Amino acid sequence: LSIRAHVLEQREQAERMRAIVNNMAEGLLVIEQDGRIQSSNPAVGYFLSYTAEELLNLPFFDLLEAKSAGEYQNYFSNFSSPASSILSQQYGNREVKLFKKNGDAIMMDISVMPMFLSQTLFVCLLHDISKHKESEMILQSQANIDSLTSIANRRHFDQSLQIHWKQAEQDQYEISLILIDVDHFKLYNDTQGHQAGDRCLQQVAQVLRKQVTDSNFLAARYGGEEFVVLLPTLSMMAAKAIAESIVATVEAQKILHPSSNNSNFVTVSVG
């Protein structure tokens, strides 16, 4: 009777553990040393759009981009005993890009740990961080954008200039820079009102956005009514042509500025 009760208790514990694993929000994979997936829980299928049968014996490396796949191939093959557990530290929590069945990528936080049983196995926990990464990117983007004009802000410009300056020194290429100032802007604000002043700056920023179409170039609000355009690899003559086009296009907007000494419309000075 005690033996039968013990067997029943073990069976109940196994069922309990199976229920816990199957209801985990995190994905769980058991992987053999050659990289083949031995088992998975439903969360993995949900994340990657595979059935349990499709995941069975699928190489774990096929789910990873090439660089990560190579790292884990080396990790698994070199991990043969508890003595090599020092290797596990660098493969604790990592952000890795995995691929779904349809080829779409998903950012996951994964943790891989060895189990030394009759054979060496690896338990891999998967946590979906794609929404977190999207939020990070949105916040990063917002941190680099001027809230009024929706072009790059001073912070983003300073960082970009530093990066391109070092690259230009290394690769020996030119950098051009256009500084733009809205003429008599304080007078415009005083006579037309601050809301009109904001709209004026937004219209100037729109001109810059349309003039600066190359993804390597950067238009930014430098501060107040000052703007800047960073043009890596562009010669001074080519930058001068863009600057002249900016001047002409801003004046063509015909933003009324009756108090200006230069024109009846808003103008900009460039250098």
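In the block above lies the structure referred to throughout.
Everything quoted here is computed from the prediction, not taken from an experiment. All residue numbers refer to position in the chain's written sequence, counted from 1. Where totals are concerned, whole chains, interfaces and linings use all residues; where local detail is concerned, this predicted model gives features only for residues with pLDDT of at least 70, and gives and counts side-chain atom pairs only at 80 or more. To get the side-chain values, take all heavy atoms of the structure and skip hydrogens and water.

Here we look at helix α7 (residues 185-192)
Here's step 1: To sort residues, take the accessible area from a 1.4 Å probe on protein chains only and compare it with the maximum for the residue type: under 20% means buried, over 50% means exposed, and anything in between is partly exposed. Labels follow the DSSP assignment, with helices taken as runs of H or I lasting at least four residues and strands as runs of E lasting at least two, numbered in each case from the N terminus. Listed as buried for α7 are F185, Y188 and N189. Looking straight down α7, one finds its buried side chains confined to an arc of 100°; they lie on one side. Pointing more than 90 degrees away from the buried face of α7 are the exposed residues K186 and D190.
Here's step 2: Summarising the contacts, the buried residues of α7 are in contact with β6 (175-182) and α8 (194-211). Directions pointing from the helix axis toward each C-beta atom define the arc. Residue contacts are defined here by distance: any two heavy atoms, one from each residue, within 4.5 Å place the two residues in contact.

Overview of the packing of aromatic side chains
The geometry of an aromatic ring pair is captured by the separation of the ring centres together with the interplanar angle, meaning the angle of the planes.
Here's step 1: In this scheme Phe, Tyr and Trp rings, the latter by its six-membered ring, pair at centre separations within 6.5 Å, and the angle between planes marks the pair as stacked below 30 degrees, edge-to-face above 60, and tilted otherwise. Following the criterion strictly, the structure yields twelve aromatic pairs and no others.
Here's step 2: Here the aromatic rings of F60 and F76 are separated by 6.3 Å at their centres, their planes lie at 25°, and the arrangement is stacked. With F60 in the loop between α3 (52-55) and α4 (66-78) and F76 in helix α4, the pair connects residues that are 16 residues apart, well separated along the chain.
Here's step 3: Residue classification places F76 among the buried residues on the basis of a relative accessible area of 0%.
Here's step 4: Aromatic ring contacts, followed pair by pair, group F60, F61, Y72, Y75, F76 and F122 into a single cluster.
Here's step 5: Only lysine NZ and arginine CZ atoms are considered, and such an atom sits over a ring when it is within 6 Å of the ring centre and within 35 degrees of the ring normal. Of note, R154 hangs over the ring of Y222, and the distance from its end group to the ring centre comes to 3.9 Å.

A few points about the sheet that holds strand β4 (residues 105-116)
Here's step 1: When DSSP finds two or more bridges between a pair of strands, those strands are recorded as paired. With antiparallel pairing, the five strands of this open sheet are ordered in space as β2-β1-β5-β4-β3. With partners counted over all chains shown, the strands left at the sheet margins are β2 (37-40) and β3 (93-99), one partner each. Ignoring strand direction, the axes of neighbouring strands in this sheet form an average angle of 35°.
Here's step 2: Of the strand pairs in this sheet, β3 and β4 are connected by seven bridges, and their pairing is antiparallel. Fitting a line to C-alpha atoms yields each axis, with helices limited to the stretch in contact; the angle taken between N-to-C directions then spans 0 to 180 degrees.

Scope: geometric values only; no functional claims are made or implied.
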